[in-house]
Amino acid sequence: MVSRGWTQDELVTGVLAGDRRALARSISLVEDGEEGGAEIVRRIYPSTGRAASIGVTGPPGVGKSSLVSALVGHVRGLDRSVGVVSVDPSSPFTRGALLGDRIRLADHFLDPDVYIRSMGTRGHLGGLAEATLQALLLVDASGKDVVFLETVGTGQSEVEVIGIADVVLLVLMPGSGDAVQALKAGIMEIPDVIAVNKMDHPAAKTMLQEVRSIIALDPVRERRPAILLTEALRAEGVPELWDALEKRRAELDERGELEARRERNLSGEVEALAVARVRRLVREAMRDDVAVRALVEGVQRREVDPVTAVAAVVDAVTGERAP
């Protein structure tokens, strides 16, 4: 028994058959860090890689959820099935519930060809990217044609989360100056497509020109993203936005860059997740291992040098002495 009357075989079979209950339960196991969840992901992994994955990011309040909702409606109009994984790296309270304005996605809850899942950190430091990757793989394996991965903010952790997507959409609106400054400074990776939302705002076209001037500085013309004006609540500009996302993905595919990007992203995820797990083991050793804790306290009193303490930590975590 894995959980609540489901066997592991039933969950695997259910996910691959597109059963929403099996998919929901499997993602819950992944979120909770259960071994059964990791085993399910291992078994369904050969059936992944078919969905087109689109990362959606941008500062809070720019209308990402509304825009994702409009994109979902447009994609469904093209008779393609859709998954949405919404990620909130900041809230300690949500524990996986719908987050704030994401209630707008409720427009699609009754559509059997749309699956929506909202994920929070649930208190697991360093575990969100791992859970998100596994959730994305599960939704992919369930047969969805397109999967949107939405995250709040444009900080480093959020950029890492959406780094597992095929293409990345950055959503801005007039007044979201921090994101524009991040683009100027080169802190933010250049996205594949940029949407300036709330196109009715008097400063929308000015912002469009400002972003365009920043992007024009990129010497690699093929890498420059399309920049579009949208109004999510009325779905204005949404068909054009979807066309731009599909065009960018097709261009990457034609140049062989899509597969290379997927390989690079997955390789980077393996490294990042391994580092996160080792970090947790190190923290546990420093907290729970009496000998290690004594050495760390010795470092704090300047009675033990840090290199000696590091060797003890590595020994406690791996069983091997550090060089």
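One can find the structure itself at the top, above this paragraph.
Residues numbered from 1 in each chain as written. Predicted model: local features only at pLDDT ≥ 70, side-chain atom pairs only at ≥ 80, totals over all residues. Heavy atoms only, no water.

(A) Structural view of the packing of helix 1 (residues 8-16) against helix 3 (residues 35-44). Between helix 1 and helix 3, the shortest axis-to-axis distance is 10 Å and the interhelical angle comes to 50°. Regarding the angle of helix 1 to helix 3, the classification is oblique. Taken as a pair, helix 1 and helix 3 cross one another with a handedness that is right-handed. Note on element contacts: helix 3 touches helix 1 through Gly-36, Glu-39, Ile-40, Arg-43 and Ile-44, opposite Gln-8, Asp-9, Leu-11, Val-12, Val-15 and Leu-16. Partitioned by chemical class, the residues of the contact of helix 1 with helix 3 number six nonpolar, two polar and three charged. (Axes fitted to C-alpha atoms, helices over the stretch in contact; angles between N-to-C directions. Helix = DSSP H or I, 4+ residues; strand = E, 2+ residues; numbered from the N terminus. Parallel < 35°, antiparallel > 145°, perpendicular 65-115°, else oblique. Left-handed = near helix turned anticlockwise from the far one by under 90°. Contact = heavy atoms within 4.5 Å. Nonpolar A, V, L, I, M, F, W, Y, C, P; charged D, E, K, R; others polar.)

(B) Expanded view of the pairing of strand 5 (residues 167-172). Most of strand 5 is tucked away: six of the six residues are buried. The alternating pattern of strand 5 places Val-167, Leu-169 and Val-171 on one face and Val-168, Leu-170 and Leu-172 on the opposite face, and all of these are buried. When strand 1 (residues 52-57) meets strand 5, the two strands line up parallel, connected through four bridges. Along strand 5, the bridge assignment pairs Ile-54 with Val-167. Taken together, the four bridges between strand 5 and strand 6 (residues 193-196) define a ladder with parallel strand orientation. Counterpart to Val-171 in the pairing with strand 6 is Ala-195. (Buried < 20%, exposed > 50% of the residue type's maximum accessible area, 1.4 Å probe, protein only. Pairing = 2+ DSSP bridges.)

(C) Region of the structure containing the environment of Pro-225. For Pro-225, the location among the structural elements is in the loop between helix 8 (204-215) and strand 7 (226-229). Of the residues examined, Pro-225 reaches a relative accessible area of 8% and is grouped as buried.

(D) View of the nonpolar core. Counting 30 residues, the largest nonpolar core has Ile-54, Leu-67, Phe-148, Leu-169, Leu-241, Trp-242 and Leu-245 as its most contacted members. Listed by contribution, the elements that provide at least two residues to this core are strand 1, helix 4 (64-77), strand 2 (82-88), strand 3 (114-120), strand 4 (146-151), strand 5, strand 6 and helix 9 (238-254). If near-sequence neighbours (up to four positions away) are discounted, Ile-54 is found in contact with Val-146, Val-147, Phe-148, Leu-149, Ala-165, Val-167, Trp-242 and Leu-245. Counting 29 residues, the second-largest nonpolar core is a separate cluster that includes Ala-22, Ala-135, Val-139 and Leu-149. (Core = buried A, V, L, I, M, F, W, Y, C linked by side-chain atoms within 4.5 Å.)

(E) Expanded view of the pattern of salt bridges. Under the defined criterion, the tally for this structure stands at 16 salt bridges. With a shortest N-O distance of 2.8 Å, Asp-166 and Arg-262 are connected by a salt bridge. Separated by 96 residues along the polypeptide, Asp-166 in the loop between helix 6 (156-162) and strand 5 and Arg-262 in helix 10 (residues 257-288) bring together distant segments of the chain. Each member of the pair, Asp-166 as well as Arg-262, is classed as buried. The shortest N-O distance in the salt bridge between Arg-301 and Glu-303 comes to 3.1 Å. Each member of the salt-bridge network shares a partner with another, and the members are Asp-192, Arg-248, Glu-251 and Arg-261. (Salt bridge = Lys/Arg side-chain N within 4 Å of Asp/Glu carboxyl O.)

(F) Highlighting the packing of aromatic side chains. Summed over the entire model, instances satisfying the criterion amount to one aromatic pair. Ring geometry for Phe-148 versus Trp-242: centroids 6.3 Å apart, planes at 55°, classification tilted. Highlighted residues: Phe-148 in strand 4 and Trp-242 in helix 9, separated in sequence by 94 residues. Accessibility assignment for this pair places Phe-148 and Trp-242 in one class, buried. (Phe/Tyr/Trp six-rings, centres within 6.5 Å; stacked < 30°, edge-to-face > 60°.)

(G) Summary view of the side chain of Asp-166. Asp-166 sits in the buried class, given a relative accessible area of 3%. Among the polar contacts made by the side chain of Asp-166, one reaches the side chain of Arg-262 at a distance of 2.8 Å. Not counting the four nearest positions on each side in its chain, Asp-166 is found in contact with Ala-51, Ala-52, Ser-53, Asp-192, Arg-249, Leu-252, Leu-258, Arg-261 and Arg-262. (Polar contact = N/O pair within 3.5 Å; in protein donor to acceptor, adjacent residues only side chain to side chain.)

(H) Region of interest: the pairing of strand 7. With four bridges joining them, strand 6 and strand 7 adopt parallel strand pairing. When the sheet's bridge partners are listed, Ala-195 is paired in strand 7 with Leu-228. Taken together, strand 6, helix 8 and strand 7 form a β-α-β motif whose crossover is right-handed. (Right-handed = clockwise from strand over helix to strand, strands pointing away.)

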